[in-house]
Amino acid sequence: MDEARLAEYLSAQTAAPVQVLGTRRLHSRYSRVSYAVETSAGRFTVRVEQGDAPTASVEDELRLMQWLHETGFPVARARWTESTGDVLGSPFVVIDDVGVRRVDERAVDEAAATAFVTTLAKLHSLPIPAHLPPVDVDQATHAQIEHWRSVAKSVGGPRVPVLEVAEIWLHQNLPLFDRRLALVHGAPRPNRVLVEDGDAWEMTDWEMAHLGDPAEDWSYSIAMRDMPANARQLWQDLYERVAGFRMAPQSWVYWDAYNAYKGACIARACLFLFESGQDLSPSMAVAGTQLYHSLLRRLVAVIG
């Protein structure tokens, strides 16, 4: 990261001299790289766009986070965006750092688990943001399936028959009943809700948020953590007890397959970023190889 250019940008936004005292790369996603930035004006998280896969823009992320902040939802204050790429080479969004550490998913205690479930349920109960394009409840999931197909196709490469068959299966087997439309995070996990003393301070990583079925989020939070059956049941019981959310077993099968499909499409984009040299972090290589093939096997187990 060009700290001098970032300092100039922050100085212009605050109308006062700002020094960047240090930066630290936090993590990579297929569409964002996040950095912790310590400055003379405070601590920020800077999320930089990467890759060419279809994704929400930093302007979309800023606008949604500002709307969430106004509703009182636990989200950090999103400050500014730079959309030209002239400062850091790619567009980015600057977000306040609330100073709370992420939950360790290897040891989620009861208070953190309850805070996560409560926060996710609160998100799904919010009114539909007026600035988002309207979506028909019966077409919302179909549209997301097509979106993830576009993400996988955007990186090129050979055909993947498992993904093509899975796409058809998902369109044909979408549950007919209990469909809802809400603001969906898209990738919720306990470590994306920052918790301190049992209270949720911030939900992070909003680039995949969209209007969709809340079942997608509840399934993702379990399916993408690859937990054993007894642990899955404990989480499902917690969802019902704390949030009043329950699903029929066959619906869990569908949404787990949906999230495996989504995850595999993202993993293809991660591998492209690694092989093209755009992001050489180990997480991109692992996502594009080990995780990708694991998700394909899970899809085959459902649709095979």
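Residues numbered from 1 in each chain as written. Predicted model: local features only at pLDDT ≥ 70, side-chain atom pairs only at ≥ 80, totals over all residues. Heavy atoms only, no water.

Caption draft 1: Broad picture of the overall build of the protein. A tally of helices and strands in the protein yields nine helices and nine strands. For 304 residues, the compact-globule formula gives about 19 Å, and the C-alpha radius of gyration of the protein, at 19 Å, lands near that figure. Along the first, second and third principal axes, the C-alpha atoms of the protein reach 60 × 45 × 40 Å. Burial statistics for the protein: of 304 residues in total, 51% are counted as buried. Look at the contacts in the protein between residues 6 or more apart in sequence, and 69% of them connect residues 24 or more apart. (Helix = DSSP H or I, 4+ residues; strand = E, 2+ residues; numbered from the N terminus. Rg over C-alpha atoms; globule rule 2.2 N^0.38 Å. Buried < 20%, exposed > 50% of the residue type's maximum accessible area, 1.4 Å probe, protein only. Contact = heavy atoms within 4.5 Å.)

Caption draft 2: Fine view of the confidence of the model for the protein. Scored by pLDDT, the protein has a mean of 93; 100% of the residues are at 70 or more. Taking the mean pLDDT of every element in the protein, the minimum, 86, falls on strand 7 (residues 193-196) and the maximum, 97, on strand 6 (residues 182-184). (pLDDT = per-residue confidence, 0-100.)

Caption draft 3: Local environment of the pattern of salt bridges. Enumeration over the complete set of coordinates arrives at 16 salt bridges. Two residues, E164 and R159, come together in a salt bridge whose shortest N-O distance is 2.7 Å. Overall, the relative accessible area of 63% leaves R159 in the exposed class. Residues joined in a network through salt bridges with shared partners are R29, R32, R47, E61, R192, D205 and E207. (Salt bridge = Lys/Arg side-chain N within 4 Å of Asp/Glu carboxyl O.)

Caption draft 4: The pairing of strand 1 (residues 20-28), seen in detail. Here strand 1 runs beside strand 2 (residues 32-39); their pairing, made up of seven bridges, is antiparallel. Directly across from S28, in strand 2, lies its bridge partner V33. Counted along the chain from strand 1 to the antiparallel partner strand 2, the turn is three residues long. (Pairing = 2+ DSSP bridges.)

Caption draft 5: Examining the pairing of strand 5 (residues 92-96) more closely. Burial runs high along strand 5: five of the five residues are buried. Along strand 5, one buried face is formed by F92, V94 and D96 and the opposite face, lined by V93 and I95, is buried too. With five bridges connecting them, strand 3 (residues 42-49) and strand 5 associate as antiparallel partners. From the neighbouring strand, F44 faces strand 5, where its bridge partner is D96.

Caption draft 6: A look at the packing of aromatic side chains. This structure, assessed with the given rule, holds 12 aromatic pairs. Relative to W255, the ring of Y254 has its centre 5.2 Å away and its plane inclined at 90°; by these criteria the two rings are edge-to-face. Look at Y254 and you get buried, because its relative accessible area is 1%. Judged by its relative accessible area of 3%, W255 falls in the buried class. Three or more aromatic residues link up through ring pairs in this structure, and these residues are F116, W218, W235, Y239, F245 and W252. Positioned above the aromatic ring of W235 is the side chain of R225, whose terminal nitrogen or guanidinium carbon lies 4.5 Å from the ring centre. (Phe/Tyr/Trp six-rings, centres within 6.5 Å; stacked < 30°, edge-to-face > 60°. Lys NZ or Arg CZ within 6 Å of the ring centre and 35° of its normal.)

Caption draft 7: Quick look at the sheet that holds strand 1. One open sheet holds the five strands; their spatial order is 1-2-3-5-4, and the pairing between them is antiparallel. Of all strands in the sheet, those bounded by a partner on one side alone are strand 1 and strand 4 (78-82). If you compare each strand with its neighbour and ignore which way they point, the axes differ by 20° on average. In terms of strand pairing, strand 2 meets strand 3 through eight bridges, oriented antiparallel. In the sheet register, E38 faces strand 3, and the bridge partner there is R43. Contacts from helix 2 (residues 58-71) reach strand 2, strand 3, strand 4 and strand 5, with the element oriented near 165° to strand 4. (Axes fitted to C-alpha atoms, helices over the stretch in contact; angles between N-to-C directions.)

Caption draft 8: Representation of the packing of helix 3 (residues 110-125) against helix 7 (residues 229-243) in the model. One can describe the packing of helix 3 onto helix 7 by two numbers: an axis separation of 10 Å at closest approach and a directional angle of 60°. Classified by the angle between their axes, helix 3 and helix 7 sit oblique to one another. For the pair helix 3 and helix 7, the sense of crossing is right-handed. Across the interface between the two elements, A113, T114, F116, V117, T118 and A121 from helix 3 touch W235, L238, Y239, V242 and A243 from helix 7. Its residues assigned to classes, the contact of helix 3 with helix 7 comprises nine nonpolar, two polar and no charged. (Parallel < 35°, antiparallel > 145°, perpendicular 65-115°, else oblique. Left-handed = near helix turned anticlockwise from the far one by under 90°. Nonpolar A, V, L, I, M, F, W, Y, C, P; charged D, E, K, R; others polar.)

Caption draft 9: Focus on the nonpolar core. Residues Y30, L68, W148, W206, W235, Y239 and Y261 are the most contacted members of the largest nonpolar core, which totals 75 residues. For this core, the leading source of residues is helix 8 (residues 249-275), giving 14 residues. Leaving out residues up to four positions away in the same chain, L68 has contacts with F73, V75, L123, L126, L183 and W206. Of all hydrophobic cores here, the second largest spans 16 residues; its members include Y9, V18, W80 and V94. (Core = buried A, V, L, I, M, F, W, Y, C linked by side-chain atoms within 4.5 Å.)

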